[in-house]
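# Summary of structural features
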Protein chains: 2
Amino acid sequence: MWFFSLNSRPSQNSSNRTSEEGRDNVTRLSEKREKILEGALRVFLAQGYSASMDAIAAEAGVAKQTVYSHFKDKNSLFAALIDRLLDHFVSAGLTADLLALDARSFVRKIAQITLSRMDDWEYVSLLRLIIGESGRFPELSELYVAHMVKPGIEKLAAYLRANQQVRFSDPEATARIIHGALINFVILQEVMHGKHAMPMSRERLINSIVDMVLFAGEQGKQSS
Amino acid sequence: MWFFSLNSRPSQNSSNRTSEEGRDNVTRLSEKREKILEGALRVFLAQGYSASMDAIAAEAGVAKQTVYSHFKDKNSLFAALIDRLLDHFVSAGLTADLLALDARSFVRKIAQITLSRMDDWEYVSLLRLIIGESGRFPELSELYVAHMVKPGIEKLAAYLRANQQVRFSDPEATARIIHGALINFVILQEVMHGKHAMPMSRERLINSIVDMVLFAGEQGKQSS
DNA sequence: AGACGGTCATACTTACCAGTCTAGCATGGG
DNA sequence: CCCATGCTAGACTGGTAAGTATGACCGTCT
C-alpha cells in the first residue's frame, strides 16, 4: 500500500541547495518542517496513527495547509516521522569502546543501556505505536526489526561468539534471550503499565541476566 | 472512562436459566450473542479497536440493531470480547501434572507451550491489540498483566523456588527472564513479522533457554 | 513597485462512523 | 387469530476527519 524510505535520505527535500548562501531561505523552510515533525511526534506518539491532522497542525503551531505543503499526506508525514525516530534511536546503539569490556561488564552495560530507555517516553510510545500498527502497517514493524532489533542482536551475538573468556554454545540464541528478557521488561513495565502490578528493580533483573548468561557460558570451564 | 469486568462472570447473560426447559428460547438468544462475539473477534483482532460496528455486524451476519440490543455500545462489546479472550487463553495455563516434572523437562515444557501460541492467529492478534491500545486503554493491558502475565510468572517462580534439584539465587527474576525471552520471541517473529528477516527455530531458542536456566541453577552444585 | 513564494485562517467537500429510528418480517405462545 | 418479541434492512443524525480551495498577509528578490 505505501512505503517507508530510510536509506533513501534526501536530507531535507530534493530541492537544490547547491550554494550554501541559500541558507537563509532553506533554513526557514527546514524550520517549518522541523516544527511539523516535532508536533507530529508528540501527537502521533500520544494518540497513535488515528491522531488528526488538525491536531498535529495545532500542536506544531502551523496551519494545516503548511503541513500539506511539506508532506504529501498523512502517510508520508507518518513515514517521515518513523524514519526519523528509528534513525534517532539507532544512533544510540552500542559503541566500539564497549567491545573492550570483559563479558560480565559488557552484558551488564548492554542491559543498563537497554533498560535506561524505559524512562524515555518517546521510546516507550514508539514501541507501543510500532507494535500496535504492525497489523495495519507491516512495513513499519519490519523496518523496526531490520534497523533496530536485528543489528542489535547481531552485534551482541558477534561479541558473545568472539569472546575468548567464555564459550557460548549458541551465541545467536543467547543474544536473543538477553534481548528478549530486556525488551520484554520494558514492554511489561512501561508499555503495558505493569510496574505497579508486578514491580521489580532493574538492577535485580540485570544481575540475574548477567549471572545466568555468565554461568551458562562457563559450562566447559572451571571457574569460581 | 470505562471498565472491564472479568471475575464478574454471569456465565452467559444474567437471565434465569433455572429450568433446562427454557433452553429453546435462551439458546437462540445466546446464539445471536455468540455470532456477534465471533464476528467482533475476527474484525477487532484484524483491524483493531477502530473497526466499525457496521463491519462487525456484517461479519457476524447480523443487523446492526441486533448488536446494539445485545451490547450497550462499542466499548461494552469490546470489553466483553476481551474478557472472553483472556478467559479463554488463561485456561490454557500450566496444569498440575507439569509440576511433577524435573526442572529440565519443566522449563522445556513451559517454553513449548508458550511458543506453541505463535501459530494461533487469535493470540498473536490479541497481543498486538492489547499492546497497541495500551496507550488509550490502560485498563486493557493492566487486565492482561494481572490475569495472564502475573499468574504465569508467579507460578513459574514458585516452581523454581520450590525445586530441590537446583538452587536459583533469584527465582522471580529468573522467571521473568524465561518469560521475557519467550514472549519477546513471539512478538518479534509473529507480531512484528520478523520471522523472515531474522529466522530462528523454536527448538533452538528453547534449548538455549533450558541450558542457560539449568546451568545458572547449578551454580552451587557439582553435576554433569 | 511589483512579482513571487511561503504562510495563515477559514471554510468547504467528501467520506466515514457511532448510535438511533422506523417499518416490516417471522415465530411462537395464549 | 393476534400480539409480543426478536430480528432485519435501511434511512437518518450529528460529529469528526482527510484533503482541497480561497483569499489575505508578509518578507525577499528583481
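Anything mentioned here points back to the structure above.
Residues numbered from 1 in each chain as written. Chains lettered and ligands numbered in written order. Predicted model: local features only at pLDDT ≥ 70, side-chain atom pairs only at ≥ 80, totals over all residues. Heavy atoms only, no water.

### Considering the protein's contact with DNA strand D
In the vicinity of DNA strand D lie 16 residues, with M53, K64 and K74 of chain A together with K32 and T66 of chain B positioned nearest. In this structure, K74 of chain A approaches DNA strand D through a side-chain N or O atom, which is 2.8 Å from a phosphate oxygen. Interatomic distance of 3.0 Å between a backbone N/O atom of A63 of chain B and a phosphate oxygen of DNA strand D. Elements represented by at least two residues in the surface near DNA strand D include exactly α3 (64-70) of chain A together with α3 (64-70) of chain B. Here the surface near DNA strand D takes four residues from α3 of chain B, the largest share from any one element. When its residues are assigned to classes, the surface near DNA strand D shows five nonpolar, seven polar and four charged. (Near = heavy atom within 4 Å. Polar contact = N/O pair within 3.5 Å; in protein donor to acceptor, adjacent residues only side chain to side chain. Helix = DSSP H or I, 4+ residues; strand = E, 2+ residues; numbered from the N terminus. Nonpolar A, V, L, I, M, F, W, Y, C, P; charged D, E, K, R; others polar.)

### So, the relation of the copies chain B and chain A
Between the two chain copies there is a screw-like relation: a rotation about an axis and a shift along it. Laying chain B over chain A is done by rotating through 179° and shifting 0.0 Å along the axis; what remains is an RMSD of 0.1 Å. What the superposition gives is, in effect, a two-fold axis relating one chain to the other. Ranked by how close their C-alpha atoms come to the rotation axis, the residues of chain B are headed by G132 of chain B, at 1.7 Å. (Least-squares fit on C-alpha atoms with pLDDT ≥ 70 in both.)

### Some remarks on the protein's contact with DNA strand C
If you check the shell around DNA strand C, you find 15 residues, and the closest are K32 and T66 of chain A together with M53, Q65 and K74 of chain B. Considering DNA strand C, the proportion of its atoms within 4 Å of the protein that are sugar or phosphate atoms stands at 64%. With respect to DNA strand C, the backbone of A63 of chain A contributes an N or O atom lying 3.2 Å from a phosphate oxygen. Within the contact set of DNA strand C, a phosphate oxygen lies 3.3 Å away from a backbone nitrogen or oxygen of A51 of chain B. Of all the secondary structure elements, the ones that give two or more residues to the surface near DNA strand C are α3 of chain A together with α3 of chain B.

### Examining the side chain of S141 of chain B
Relative to the elements of secondary structure, S141 of chain B occurs in helix α7 (residues 138-162). In this structure S141 of chain B comes out as buried when scored by relative accessible area, which is 0%. At 3.2 Å, the side chain of S141 of chain B forms a polar contact with the backbone oxygen of M192 of chain A. Polar contacts involving the side chain of S141 of chain B include one to the main-chain carbonyl oxygen of P138 of chain B, which spans 3.1 Å. Once you skip the residues sitting within four places of it in the chain, S141 of chain B turns out to touch M192 and H193 of chain A together with I130 and S134 of chain B. (Buried < 20%, exposed > 50% of the residue type's maximum accessible area, 1.4 Å probe, protein only. Contact = heavy atoms within 4.5 Å.)

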